[in-house]
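# Chain and residue survey
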Amino acid sequence: MEALANKKEVSMIPKLRFKEFEGKSQSYKKHSFVDVFTFSTGKNIKQNEASPLFETPCVRYGELYHMYNEVIYEVINRTDLDKADLRLSNGDEILLPSAGEDPLDIGSASALPFKNVAIGRTINILRPLSKDKYFQNYAAYYINFRLRKKISTLAKGSSISNVYNSDLKKLEIVLPTLPEQQKIASFLTSVDGKIQQLTRKKTLLEQYKKGVMQKLFAQEIRFKPARPSGGDDEGKDYPDWEGKKLGEVAIFSKGKGISKGEISEDGNLECIRYGELYTKYRETIDVVSSRTSLLSKGLTLSEKDDVIIPTSGETQLDIATASCVLREGIALGGDLNVIRSDNDGVFLAYYMNSHLKYDIARLSQGISVVHLYSSQLKTLKMEIPSLPEQQKIAAYLNSLDQKIETVNHQITQTQAFKKGLLQGMFV
């Protein structure tokens, strides 16, 4: 019996620990939720009673699995309801939705470290008995990572899943000593801070890119030719942009059908399907994520600098999504308009996605599924600069996208690092 007990105790020791706590096998113990939390629920805040423009910060249940992670660093929404009718936070709460369409949603725990935040209805509120400020974060990380699936199994209901405080009281949490809790929570919070910092940087870059695109294509800002070492051309501007219809500067074709069943990881041919334009790619496509086992014969293969745009989609804005294919020989699937011209393809993709996006959206037809035909695209009016200016604009915008992609890669790496920490630190 003693050997069995020791085996059970060792199994509660995580694989990853800070050096100063290694070898302390007695430090991890199981605790019932009722021994470490008190329980309550939020009060009703309807959708039309919440807006970022109102006064009192608030959290509604759906926001817990759409907007927030394990720790709420900034409260996004606000309410104008009388404070006397609200459940206001003390700043030591852990919030879990008590309802959701997906059972996994209701295991989304978030620590709320701010006072006087209104907590909406359909939220289970766990308030730690421990007054240590790190315990709140530690418990939120633990619940979100180790107990989320367990909580989903407690859900009741069919179309909407529900979990109540009475269900949560049945759960257990594994806790190390307070110093180790503090160390874990502090370190994970610092990793979250890095993710937040990178996410803000990405958002700012995307906003800057959007603003620059608007100004470039409205000709509010212009590039100038590189100054030569001397000569009569020094300091001259690029020629004025010429008004054209897209049909006057490009030829059009269509892709050939590649069904979902014809996509294979081991396929011999890279391919692009129409739905990927608004889910996977930006204005340029170099690295392709899909392959097909079909032979190239009979398919539409890309030429370098082809611009592709969907011929169908669920929404008008989905369909107004253009990308330039940077390499030849990629199979272009059905429901793709293929545009070829002597202009810079990268420039055209950026121009269409920024300056022509809503014009393209208005051309599309349909209700449940919208369609866009080459005959409609040919009528688009546009202002076209000289090829050297096109290339300068394309190169600059592409450099911004590369910066955005670099930051996005850093976010992905940091999130993967955090996931590895959670897997190693919690039992």
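Residues numbered from 1 in each chain as written. Predicted model: local features only at pLDDT ≥ 70, side-chain atom pairs only at ≥ 80, totals over all residues. Heavy atoms only, no water.

## As for the pairing of strand β3 (residues 56–59)
Of the strand pairs in this sheet, β3 and strand β4 (residues 77–79) are connected by three bridges, and their pairing is antiparallel. Bridged to P57 within β4 is R78. Two strands pair when backbone bridges link them, and β3 and strand β8 (residues 118–119) are joined in this way by two bridges, in the parallel orientation. The residue bridging C58 from the neighbouring strand is A118, located in β8. (Pairing = 2+ DSSP bridges. Helix = DSSP H or I, 4+ residues; strand = E, 2+ residues; numbered from the N terminus.)

## Describing the nonpolar core
What tends to happen in soluble globular proteins is that the nonpolar side chains get buried as a cluster. If you look at the biggest cluster of nonpolar residues, it comprises 39 residues, and the most contacted ones within it are F37, I94, I143 and I151. Those elements giving two or more residues to this core turn out to be α2 (33–36), β5 (93–97), α4 (133–153), β11 (172–175), α6 (178–217) and α12 (387–425). If one sorts the elements of this core by residue count, α4 sits on top with nine residues. If near-sequence neighbours (up to four positions away) are discounted, I94 is found in contact with F37, A109, S110, A111, N124, I125, L126, P128, Q136, A139, A140 and I143. Counting 36 residues, the second-largest nonpolar core is a separate cluster that includes L216, L246, V249 and L380. (Core = buried A, V, L, I, M, F, W, Y, C linked by side-chain atoms within 4.5 Å. Buried < 20%, exposed > 50% of the residue type's maximum accessible area, 1.4 Å probe, protein only. Contact = heavy atoms within 4.5 Å.)

## What to know about the sheet that holds strand β9 (residues 123–128)
Either a parallel or an antiparallel arrangement is found when strands of a sheet pair, and the pairing is made through backbone hydrogen bonds. If you trace the four strands from one edge of the open sheet to the other, you get β2-β9-β5-β7, paired in antiparallel fashion. A single partner strand is all that each edge strand has here, and the edge strands are β2 (37–41) and β7 (110–112). Strand-to-strand twist of the sheet, defined as the mean angle between neighbouring strand axes without regard to direction, takes the value 30°. Where β5 and β9 come together, four bridges link them in antiparallel fashion. Counted as the bridge partner of L96 is N124 from β9. On the sheet, α4 packs against β2, β5, β7 and β9 and is oriented at approximately 20° with respect to β5. (Axes fitted to C-alpha atoms, helices over the stretch in contact; angles between N-to-C directions.)

## Quick notes on the packing of α4 against α12
Where α4 contacts α12, the axes come no closer than 10 Å and their chain directions differ by 85°. Our classification of the angle between α4 and α12 gives roughly perpendicular. Of the residues in α12, those touching α4 at Y141, F145 and R146 are K418, K419, L422 and Q423. Among the residues forming the contact of α4 with α12, the class breakdown is three nonpolar, one polar and three charged. (Parallel < 35°, antiparallel > 145°, perpendicular 65-115°, else oblique. Nonpolar A, V, L, I, M, F, W, Y, C, P; charged D, E, K, R; others polar.)

## A few points about the packing of aromatic side chains
Under the counting rule described, the total for this entry stands at 13 aromatic pairs. The interplanar angle of 45° and the centroid separation of 6.0 Å between the aromatic rings of F37 and F135 together place this pair among those described as tilted. In this pair, F37 sits in strand β2 while F135 sits in helix α4, placing the two residues 98 residues apart along the sequence. Here F37 matches F135 in class, with each residue buried. Taken together, a centroid distance of 5.1 Å and an interplanar angle of 70° make the contact between F217 and Y351 edge-to-face. You can see F217 sitting in helix α6 and its partner Y351 sitting in helix α9 (residues 345–354), a full 134 residues away along the chain. The pair F217 / Y351 is uniform in exposure class, with both members buried. (Phe/Tyr/Trp six-rings, centres within 6.5 Å; stacked < 30°, edge-to-face > 60°.)

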